[in-house]
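Working through the structure, step by step
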Amino acid sequence: MRDVVISGVGMTAFGKHPERPVSSLAAEAVGEALTDAGIPEGASEIGAVYYGNVLGGLLQGQESVRGQHAVRDTALTGVPLINVENACASGATALNQAWLAVGSGQVDIAVAIGAEKLIVAERGKALASLTSVLDQERLEEVRADLGSRDTGSVFMDIYARFATWYQESSDATPEDFAQVSVKNAGHGAANPKAQYGRELTVDEVLAARQVSGPLTVPMCAPLSDGAAAVVLTTPELARHAQASPVRVLATVVGSGRPGVYGELVPSLATRAYETAGIGPGDIDVVECHDAAAPAELIVLEQLGLCGAGEAPSLLRAGATRLGGRLPVNPSGGLVSKGHPLGATGLAQIVELTDQLRGRAENRQVEGARHAIAENAGGYIGPDAAVAAITVLAGAD
């Protein structure tokens with residue numbers, strides 16, 4: 001396999017964009033990424049595009065060739081495009097496939113795009129559509145097992161279960177979960193592309209409306225519109241284009257197994273570290289899939305970044321804040337930056353690329369050299385159906 005680097009990244013602001021179609025969001029992210037990569041508009045060097053999207057069929061009625069329509073107003077029209085649908089890990093899976101295309105020598109430049117439009121006229125339709133990721137042949141059985149209250153927030157019922165299990169195996173408290181939200185809200189306030197830029201207190205988070213179990217509204221990722229794009233190429237071509245490359249040390253994707261919990265992310269993390277040739281102690285900055293605040297603590301341990309039950313202590317000591325020993329979700333994470341499903345995994349890569357290039361401005365992690373992203377999605381019961389882990393490094 002050839003060495004692969006990220007030469008350009010771009011993304012829209014995440015949030016509510018009711019008047020903007022998916023194509024408009026995708027065009028903005030793609031244009032920014034190509035400019036960042038030093039690729040002129042209309043360039044013919046791009047060999048493949050991978051487009052991640054999750055709910056375009058249910059919410060926009062666009063099936064089968066979603067990506068081809070989404071890029072119609074970009075320089076990527078006519079470039080071979082493969083549509084990727086892999087739950088909330090669709091964006092990270094698109095990145096994985098783009099990396100494979102370049103690394104194998106199939107193409108010299110590939111672009112991974114993720115886009116999603118969840119803000120639609122019919123309120124509740126987006127939340128209801130998330131039920132489609134459950135096993136439809138066993139839907140009532142799954143709902144009963146989750147104790148779902150049919151509030152429309154089936155994934156928050158899932159994350160509430162994870163949070164409860166985590167409390168039973170650690171000293172984590174609702175105050176810790178609230179503190180994750182407070183931390184990431186502060187990080188989001190420093191990110192001009194985050195959906196929420198605000199300061200919160202633990203008391204405000206705990207007093208907010210309950211969603212499911214220990215989860216309150218500020219502990220849960222919002223519905224969002226947005227798009228992100230990443231250009232991958234060889235180090236030689238990146239230098240020729242005078243881009244600022246970031247090395248892709250590892251990208252791995254895996255699927256969960258029915259009846260097994262807590263296996264998926266740790267097994268992928270082991271593979272990722274082995275492929276990257278580094279260990280957890282080398283990581284300087286983390287972006288992880290905190291669709292609900294407790295997930296950040298759980299994933300830190302699953303990535304081997306601390307021992308079992310130790311994540312709450314790291315949080316309380318301020319280690320995971322900007323300025324701490326191991327900043328986690330400096331972008332604001334999903335709970336503050338937003339969660340436009342298909343774009344989420346690539347937005348993590350945009351943030352980490354900016355961090356490793358030293359251009360994250362007032363949320364910059366000083367001296368960051370190695371970064372890790374974890375992006376997960378779907379539900380196989382009792383764990384996620386899919387997860388992806390990416391390890392990046394700054395230029396030598």
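In case you missed it, the structure is sitting above this.
This section reports on the structure supplied with the text. (Residues numbered from 1 in each chain as written. Predicted model: local features only at pLDDT ≥ 70, side-chain atom pairs only at ≥ 80, totals over all residues. Heavy atoms only, no water.)

Bringing the environment of R357 into the picture now. With respect to the helices, strands and loops of the structure, R357 is situated in helix α15 (residues 341-357). Since its relative accessible area comes to 17%, R357 is described here as buried. For R357 and P258, which are 99 residues apart along the polypeptide, the C-alpha to C-alpha distance reads 40 Å. Contacts of R357, omitting those with residues within four sequence positions, involve I6, S7, G8, V9, D36, S244 and V246. Polar contacts involving the side chain of R357 include one to the main-chain carbonyl oxygen of S7, which spans 3.0 Å. (Helix = DSSP H or I, 4+ residues; strand = E, 2+ residues; numbered from the N terminus. Buried < 20%, exposed > 50% of the residue type's maximum accessible area, 1.4 Å probe, protein only. Contact = heavy atoms within 4.5 Å. Polar contact = N/O pair within 3.5 Å; in protein donor to acceptor, adjacent residues only side chain to side chain.)

Right, let's get into the pattern of salt bridges. Scanning the model with the defined rule gives 19 salt bridges in all. Residues D36 and R359 are paired through a salt bridge, measuring 3.0 Å at the closest nitrogen-oxygen approach. Here D36 is found in helix α1 (residues 22-36), whereas its partner R359 is found in the loop between α15 and β10 (370-377), with 323 residues between them in sequence. Taking relative accessible area as the criterion, R359 reaches 36% and is therefore assigned partly exposed. (Salt bridge = Lys/Arg side-chain N within 4 Å of Asp/Glu carboxyl O.)

Nonpolar side chains tend to gather and get buried jointly when the protein is soluble and globular. Formed by 74 residues in total, the largest nonpolar core has its most connected members in Y159, V286, L303 and I389. Considering every element that reaches this core, the biggest residue donor is helix α7 (residues 154-169), with nine residues. In this view, Y159 contacts L215, H289, A291, A292 and A295; residues no more than four positions away in its chain are not counted. The next biggest cluster of nonpolar side chains, apart from the first, holds 35 residues, and it includes V4, A110, A228 and V285. (Core = buried A, V, L, I, M, F, W, Y, C linked by side-chain atoms within 4.5 Å.)

Moving on to the environment of V286. Tracing the sequence through the fold places V286 in strand β9 (residues 285-288). By relative accessible area, V286 is classed as buried at 0%. A sequence separation of 83 residues divides V286 from R369, and the C-alpha atoms of the two residues are 11 Å apart. Excluding anything up to four places from it in sequence, V286 contacts L303, L305, L326, P327, V328, N329, P330, L352 and I372.

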